[in-house]
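Coordinates in review
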Amino acid sequence: MLKQLFTLCLLIILGVTPLAAQLQSPDDFLPHKLGEQFTPHEWLVNYVQHVATNSPQVMLTEYGRTNEQRPLLMAFISTPENLARLEQIRTNNLRRAGVLEGATDPALDDLTIVWLSFGVHGNEAAGPESSMRVLYELGNPTNARTQAWLKNTLVIFDPSINPDGYSRYTHWYRGVSNTTPDVRREAREHQEPWPGGRTNHYYFDLNRDWAWQTQVESQQRLARYNQWLPQIHVDFHEQGYASPYYFAPAAQPYHQYITQWQRDFQFQLGKNHAKYFDQNGWLYFTREVFDLLYPSYGDTYPTYNGAIGMTYEQGGIGAGRAIQLPNGDTLTLYDRVAHHTTTALSTVEMASKNARELNQQFASFFNRARTNPAGPYKSFIIKGTNSPERLKRLTTLLDRNAIQYGRAGKTSGVNAYDYQTGKTITLKVEANDLVVSAYQPHGTLAQILLEPEAVLVDSMTYDITAWSLPYAYGLEAYASSQRLDPQAGGYTFSPPATVAGAPYAYLINWESLTQARFLASLVQAGIRVRYATEPVTIEGKAFGRGTLVITRADNRKMGTRFDETLKALAQKQQISLHSVNTGFADSGHDFGARAYQLVPEVNIALLGGEQTNGNEFGQTWYYFEQDLGMPVAVLDADRIDRFDLNAYNVLVMPEGRFRLTEGQWEKISTWVNGGGRLIAVGDALGALTDRKGFGLTRYADDQAKKAAQAAADKAALEERFLDYAGQDRRELSNFTPGAILQVKLDNTHPLAFGQGSQYFSLKTTNVVFQPLKNAWNVGVVVEKPIVSGFVGHQAMPDLEGSLVFAVERKGAGSVVYMVDNPLFRAFWDNGKFLFSNAVFFR
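This text gives an overview of the structure that appears in the document. If you're wondering where the values come from, they're calculated on a predicted model, not measured in any experiment.

Before going further, it helps to examine the overall build of the chain. Looking only at helices and strands, one finds 26 helices and 35 strands in the chain. Computed over its C-alpha atoms, the radius of gyration of the chain comes to 29 Å, within 12% of the 28 Å expected for a compact globule of 842 residues. If one aligns the C-alpha atoms of the chain with their principal axes, the spans along those axes are about 95 × 65 × 60 Å. Taking all 842 residues of the chain together, 59% fall into the buried category. Intrachain contacts of the chain at a sequence separation of at least 6 include 77% that bridge at least 24 residues. Averaging the positions of the 77 positive and the 84 negative side-chain charges in the chain gives two centres separated by 3 Å.

Following this line, the structure appears as structure tokens:
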């Protein structure tokens with residue numbers, strides 16, 4: 001007791017609080033020093049909790065859980081005085097942005113908010129590792145430098161955005177690495193197996209999901225983000241291990257709505273980082289590779305929400321704990337932690353020094369959006385005659401992004417761009433139309449997500465160049481330069497009508513992914529369902545192709561459970577049921593006709609493993625488990641010859657580079673001939689091209705093939721004396737990094753049921769197929785299509801008239817060829833609906 005009292009008195013004399021004395025550095029707390037070994041996520045959590053418990057400057061909250069039930073943590077770091085008024089700081093900042101009404105508190109005008117996000121890619125593990133050092137330096141009351149910064153800075157700190165991916169990588173690495181790191185590139189510890197730790201549980205790249213919020217991590221994080229809206233956001237990454245460190249300013253193209261201040265302050269930050277890197281002799285680069293265009297990154301999304309959004313990239317992917325660099329030096333995990341720690345602290349320093357101007361420019365950004373939004377389009381009109389379910393799905397995404405919308409409320413006429421035709425028309429706006437005005441706090445983001453096309457100042461971009469939501473959701477929509485203010489109160493939907501009694505049949509319009517999910521639940525509940533292959537009018541109401549028809553006759557074995565089960569599922573999923581008391585059609589076919597086909601009992605297998613692309617495999621896996629809520633068997637493509645395919649009637653080949661043996665292909669071909677449905681997507685088509693037993697070819701005939709080869713030979717001759725320096729730009733002329741193209745659909749074919757006569761496809765490939773012989777060419781790019789995004793001028797002629805979707809009958813089964821991936825990043829909602837046709841309809 002006397003010893004403890006003596007220690008307490010000594011600490012007070014030295015000016016150190018007992019709480020600070022209990023705070024341990026990562027090196028003292030962990031069983032290893034930072035850089036010696038990777039830290040499992042559970043130990044990372046333990047350390048963050050330790051700092052929060054022992055530092056008066058850190059407040060910790062758990063904001064969610066991952067798919068694998070790991071905690072998602074957020075720490076608030078500032079002075080105890082600032083932490084005591086955390087809610088005041090938050091609401092004051094939202095008033096600054098105009099999200100909340102009322103005047104800001106002048107006493108808080110000099111306090112700014114910095115958000116630091118680590119580890120969005122799990123195998124870029126130097127992020128979470130360095131987060132512990134950053135947390136310690138900011139949370140340590142004895143650190144005079146950081147103490148000064150925190151007086152007017154609140155740091156929001158996420159140590160691991162992607163715990164599942166980080167855990168996958170760190171546990172793998174700890175299990176295979178040598179006691180002494182092997183610096184040779186070919187060593188096992190540098191050869192991460194499929195699918196790698198980059199992605200989350202469903203193999204999604206969370207750094208492409210900020211705006212779309214398809215994943216639980218994104219949904220939970222962005223809900224918090226929009227409650228705070230920081231002035232600075234940094235996303236800590238790693239790149240190829242041989243690359244020097246990258247920090248802001250970013251490369252072109254910048255989106256045109258990024259303000260000059262946002263551009264200029266990136267230079268100020270970069271120069272401050274450079275000062276520290278110069279002092280240490282560390283290599284770095286700026287203004288290259290990493291641009292600010294695609295809206296769903298961890299730098300662009302914050303930028304489009306008023307922040308200085310930045311990516312910091314440390315060389316390190318595949319480096320393990322140490323690896324030899326091309327210059328003969330060795331890059332260590334110690335180095336990587338030191339570099340990220342330096343830029344993180346430098347960012348907080350610059351925020352503190354420029355807090356008042358950051359806040360003023362932040363307020364100016366939102367004020368511009370509310371009063372004088374940039375860009376040609378000030379209003380977006382989504383017709384109220386669209387499918388209610390499609391509208392609901394769009395409004396869910398708008399809500400997640402805090403974008404305001406409402407009913408038009410009255411009839412008016414405006415000049416508007418028609419997304420479906422690419423022409424400007426005089427539009428009659430109806431009272432029930434959904435209107436999104438650019439005159440709102442999040443108006444800049446609304447414009448970026450909704451405009452028909454992003455303006456590119458440079459076509460050399462890092463990602464897709466088009467994403468317009470009306471195309472993604474398959475909606476009739478218009479963009480106008482005139483201001484339309486919607487009614488307050490949002491856009492409410494009528495509840496589904498209840499059905500009384502026990503009718504002859506139930507009908508459900510086939511309109512969106514919502515109905516596809518409902519169909520999946522019916523199939524799993526054992527309810528037999530038919531779908532209409534022709535339009536029908538019954539009891540005075542018209543129904544289109546794809547309408548689900550559920551008759552009592554098909555479900556007699558269920559007895560009274562039939563109505564109870566069906567109505568309960570419809571109520572749970574908010575599905576509108578239309579009841580009829582007869583099977584006798586007013587026009588079209590009666591319900592006993594062949595025009596109503598039974599939906600089969602669907603048993604799905606999905607190929608996975610090293611031959612598939614991890615992201616695209618994950619998109620398909622997610623689609624079945626989460627979008628449809630259906631079980632799916634994942635089969636390793638390498639071992640497909642060992643499985644009984646007759647247990648399944650749908651086999652999906654996601655994008656990948658398939659290297660199946662002839663025997664394995666013969667097994668698949670026989671299975672299809674026996675009645676199976678094979679769905680091949682994107683890059684998977686390469687393995688089926690010109691394969692015996694399948695009708696997929698690049699060219700319609702030998703003459704077309706020879707013409708293509710002659711054109712390629714001519715181009716090669718013409719390029720013999722071109723300059724070396726211009727090669728990157730020349731390659732763009734044949735490149736399609738991700739653009740939206742207008743597609744003509746045969747919506748009389750089951751693959752296109754529920755669609756209009758055209759579809760807008762997100763094309764992310766340069767591979768072109770001409771329409772097939774002896775197959776249904778369901779989707780073909782139109783001549784002179786509407787195009788949103790960048791398509792190389794030499795690529796465009798080949799794309800016109802090219803195949804997008806086809807179905808080939810093969811024996812008793814069929815093959816669906818999808819040149820474009822409808823499931824891309826899970827945000828192309830209309831594509832997911834079309835994919836559902838391939839699953840359920842024959």
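Structure shown, so let's carry the discussion forward.
Of the consecutive residues Trp-194 and Pro-195, the connecting peptide bond is found in the cis state with omega at 0°. Assignment of secondary structure puts Pro-195 in the loop between α9 (163–176) and α10 (216–228). Despite not being glycine, Tyr-203 has its phi angle at roughly 60°, a positive value. With respect to the element layout, Tyr-203 can be found in the loop between α9 and α10. Positive phi outside glycine occurs at Asn-774, with the angle close to 55°. With respect to the helices and strands, Asn-774 occurs in the loop between β31 (758–763) and β32 (776–781).

What follows deals with the nonpolar core. Leu-154, Trp-467, Ile-679, Met-818, Phe-835 and Phe-840 are the most contacted members of the largest nonpolar core, which totals 147 residues. For Phe-835, the contacting residues outside a window of four places in its chain are Tyr-623, Phe-624, Val-652, Ile-679, Val-681, Met-818, Pro-822 and Leu-823. Membership of the second largest hydrophobic core comes to 55 residues, among which are Phe-38, Leu-150, Trp-261 and Val-337.

Turning our attention to the pairing of strand β16 (residues 424–429). Sheet analysis places strand β15 (residues 412–418) next to β16, joined by 6 bridges and oriented antiparallel. Across the sheet, the residue bridging to Val-414 is Leu-427, located in β16.

The antiparallel open sheet is built from 6 strands, whose spatial order is β14-β17-β13-β18-β15-β16. Each edge of the open sheet is held by one strand with a lone partner, namely β14 (406–407) and β16. Where strand β13 (residues 379–382) meets strand β17 (residues 434–437), 4 bridges bridge the pair, whose relative direction is antiparallel. When the bridges of β17 are listed, Ser-379 appears paired with Ser-437.

Under the definition given, this model contains 55 aromatic pairs. Put simply, the rings of Trp-194, Tyr-202, Tyr-203, Phe-204, Phe-617, Trp-621 and Tyr-622 touch in pairs and so form one group of aromatic residues. A cation over a ring is seen here: Arg-483 above Tyr-439, with NZ or CZ 3.9 Å from the ring centre. Positioned above the aromatic ring of Phe-543, the side-chain terminus of Lys-541 is 5.7 Å from the ring centre.

What follows is about helix α18 (residues 513–524). Between its first and last C-alpha atoms α18 spans 17 Å; for 12 residues at 1.5 Å apiece the expected length is 16 Å, and the two agree. Among the 12 residues that make up α18, 10 are buried, leaving the element largely enclosed by the rest of the structure. Listed in full, the buried residues belonging to α18 are Leu-513, Thr-514, Gln-515, Ala-516, Phe-518, Leu-519, Ala-520, Ser-521, Leu-522 and Val-523. Contact partners of the buried residues in α18: α15 (388–400), β19 (505–508), β23 (548–551), α19 (561–573), α20 (614–628) and α26 (829–840). Between the side-chain oxygen at the start of α18 and the backbone nitrogen of Thr-514 there is a gap of 3.1 Å, and the oxygen is on Ser-512.

Taken in spatial order, the 5 strands make up an open sheet running β24-β19-β23-β20-β25, and their pairing is antiparallel. On the outer flanks of this sheet lie β24 (578–580) and β25 (596–598), each paired with one strand and no other. Between one strand and the next, the sheet's axes are offset by a mean angle of 30°, whatever the strand orientation. Along the sheet, α19 contacts β19 and β23; its crossing angle with β19, the most-contacted strand, is approximately 20°.

Glancing now at the packing of helix α4 (residues 41–54) against α9. Interaxial distance between α4 and α9 falls to 9 Å at its minimum, and their mutual angle equals 120°. Along its contact with α4, which presents His-41, Glu-42, Trp-43 and Leu-44, the element α9 presents Pro-163, Tyr-166, Ser-167, His-171 and Arg-174. In terms of residue class, the contact of α4 with α9 is made up of 4 nonpolar, 3 polar and 2 charged.

A separate point is the packing of helix α6 (residues 86–97) against α10. Their axes nearest at 7 Å, the elements α6 and α10 cross at an angle of 80°. For the element pair α6 / α10, the angle class is roughly perpendicular. Of α10, the residues touching α6 (which contributes Leu-86, Ile-89, Arg-90, Asn-93 and Leu-94) are Asn-226, Gln-227 and Trp-228. Split by residue class, the contact of α6 with α10 holds 4 nonpolar, 3 polar and 1 charged.

Cut-offs and rules
- Residues numbered from 1 in each chain as written.
- Predicted model: local features only at pLDDT ≥ 70, side-chain atom pairs only at ≥ 80, totals over all residues.
- Heavy atoms only, no water.
- Helix = DSSP H or I, 4+ residues; strand = E, 2+ residues; numbered from the N terminus.
- Rg over C-alpha atoms; globule rule 2.2 N^0.38 Å.
- Buried < 20%, exposed > 50% of the residue type's maximum accessible area, 1.4 Å probe, protein only.
- Contact = heavy atoms within 4.5 Å.
- Lys, Arg positive; Asp, Glu negative; His and termini not counted.
- Charge placed at Lys NZ, Arg CZ, Asp CG, Glu CD.
- Core = buried A, V, L, I, M, F, W, Y, C linked by side-chain atoms within 4.5 Å.
- Pairing = 2+ DSSP bridges.
- Phe/Tyr/Trp six-rings, centres within 6.5 Å; stacked < 30°, edge-to-face > 60°.
- Lys NZ or Arg CZ within 6 Å of the ring centre and 35° of its normal.
- Expected span 1.5 Å × (residues − 1).
- Polar contact = N/O pair within 3.5 Å; in protein donor to acceptor, adjacent residues only side chain to side chain.
- Axes fitted to C-alpha atoms, helices over the stretch in contact; angles between N-to-C directions.
- Nonpolar A, V, L, I, M, F, W, Y, C, P; charged D, E, K, R; others polar.
- Parallel < 35°, antiparallel > 145°, perpendicular 65-115°, else oblique.

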